[in-house]
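Now for the letters of each chain:
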Amino acid sequence: MMKTRLKILNATKWTGSITFITGIMIFLYGILSDFSPVIGIGIGTIIGAVVFFLMGMFFIATEEMVENTSKGIEIPPAKSRNGLYLVKK
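Residues numbered from 1 in each chain as written. Predicted model: local features only at pLDDT ≥ 70, side-chain atom pairs only at ≥ 80, totals over all residues. Heavy atoms only, no water.

### What to know about the environment of F52
Within the element layout of this structure, F52 appears in helix α2 (residues 36-68). Under the relative-accessibility criterion, F52 is labelled partly exposed at 44%. In sequence terms F52 and S17 are 35 residues apart; their C-alpha atoms lie 9.8 Å from each other. Setting aside anything within four residues of it in sequence, one finds F52 in contact with T12, T15 and G16. (Helix = DSSP H or I, 4+ residues; strand = E, 2+ residues; numbered from the N terminus. Buried < 20%, exposed > 50% of the residue type's maximum accessible area, 1.4 Å probe, protein only. Contact = heavy atoms within 4.5 Å.)

Written out as structure tokens, the structure is:
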């Protein structure tokens, strides 16, 4: 299972870094050419790369947690006589 997480990590790392570098290049182009819409596109690309990387890390961490949790016995909720669920305090 670690191989799949490593593949996801590498894919996330590569695509995030390539998008991040592209965003920096677009941002610098906008700064140097004084073309303000391009600056916004560059900032958006940089933020998108960071969000993409964080989502990949969250996906890997979630997969790890799901795999390592014990699968206990499910206890159904108790019902009262009138059909409503009991609230235990």
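### Brief notes about unusual backbone geometry
Here D34, not a glycine, exhibits a phi torsion of approximately 55 degrees, which is positive. Along the polypeptide, D34 turns up in the loop between α1 (2-33) and α2.

### Brief notes about α1
When the terminal C-alpha atoms of α1 are compared, their 46 Å separation across 32 residues agrees well with the 46 Å that a helix rising 1.5 Å per residue should span. Those residues of α1 lying buried are R5, T12, G16, G23 and G30. Along its buried surface, α1 packs onto α2. Just beyond α1, the residue with positive phi is D34, at close to 55 degrees. (Expected span 1.5 Å × (residues − 1).)

### Side note on the side chain of T12
Within the element layout of this structure, T12 appears in helix α1. On the basis of relative accessible area, T12 is assigned to the buried category, the value being 7%. Once you skip the residues sitting within four places of it in the chain, T12 turns out to touch F52, F53, G56 and M57.

As far as function goes, none of this settles anything; it's purely spatial.
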